[in-house]
Amino acid sequence: MVESNRRKCAFLRAAIRETGAPADVYEGRVEDVLDQWTEPVDRVTARALAPLAQLLKLAKPVMAKGVPAAFMKGQGWEAEVEVGRRDWNFDLATHDSLTGEGGVILDIRSLRAAGESE
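Now for a quick tour of the structure. The structure presented is a predicted model; accordingly, all values stated were derived computationally and were not measured.

### Details of the environment of leucine 111
Then, number 1: Relative to the elements of secondary structure, leucine 111 occurs in strand 6 (residues 104-113).
Then, number 2: Assessed through its relative accessible area of 6%, leucine 111 is described here as buried.
Then, number 3: Ignoring sequence-local partners within four residues, the contact set of leucine 111 consists of Leu56, Lys60, Met63, Trp88, Asn89 and Phe90.

Structure, rendered in structure tokens:
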């Protein structure tokens, strides 16, 4: 997990210790951390971080290695996908959210810049 807020990092680390969850917390801004990321990643996730086009730009260093993403989006997600597709090509599946009416989880794979071949 990447989190820039020190208090939230402390909370996440405490939750990991309490639950024994297999996770690590990295303190810093995602754009700084992911550019230098070398460890294996199963999936990129984000909630309430940025519009989809910006999320894709931030996640590109990891997703370029074939890692899929799951981005939680609320109502109006279709417009975000439309804007995102201006600069990015990707495979998309949607899953209804259980937490909010009209919300979805965007399952994004095979991210590449528009005009970039597969």
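### Some words on the sheet that holds strand 4 (residues 69-73)
Adjacent strands of a sheet form backbone hydrogen bonds with each other and so pair up, either parallel or antiparallel.
Then, number 1: The four strands lie next to each other as 3-4-6-5, forming an open sheet whose pairing is mixed. In the strand order of this sheet, the two ends are held by strand 3 (44-47) and strand 5 (88-96), each with one partner. Pairwise comparison of adjacent strand axes, ignoring direction, gives a mean angle of 25 degrees for this sheet.
Then, number 2: Where strand 4 and strand 6 come together, five bridges link them in antiparallel fashion. Bridge pairing links lysine 73 to valine 104 in strand 6.
Then, number 3: Each of strand 3, strand 4, strand 5 and strand 6 is contacted by helix 3 (residues 52-63), which is oriented at about 60 degrees to strand 6, the strand it contacts most.
Then, number 4: Sheet strands in contact with helix 4 (residues 77-87) are strand 4, strand 5 and strand 6, and its direction is about 160 degrees off that of strand 5.

Here is what the cut-offs are and how they apply
Residues numbered from 1 in each chain as written. Predicted model: local features only at pLDDT ≥ 70, side-chain atom pairs only at ≥ 80, totals over all residues. Heavy atoms only, no water. Helix = DSSP H or I, 4+ residues; strand = E, 2+ residues; numbered from the N terminus. Buried < 20%, exposed > 50% of the residue type's maximum accessible area, 1.4 Å probe, protein only. Contact = heavy atoms within 4.5 Å. Pairing = 2+ DSSP bridges. Axes fitted to C-alpha atoms, helices over the stretch in contact; angles between N-to-C directions.

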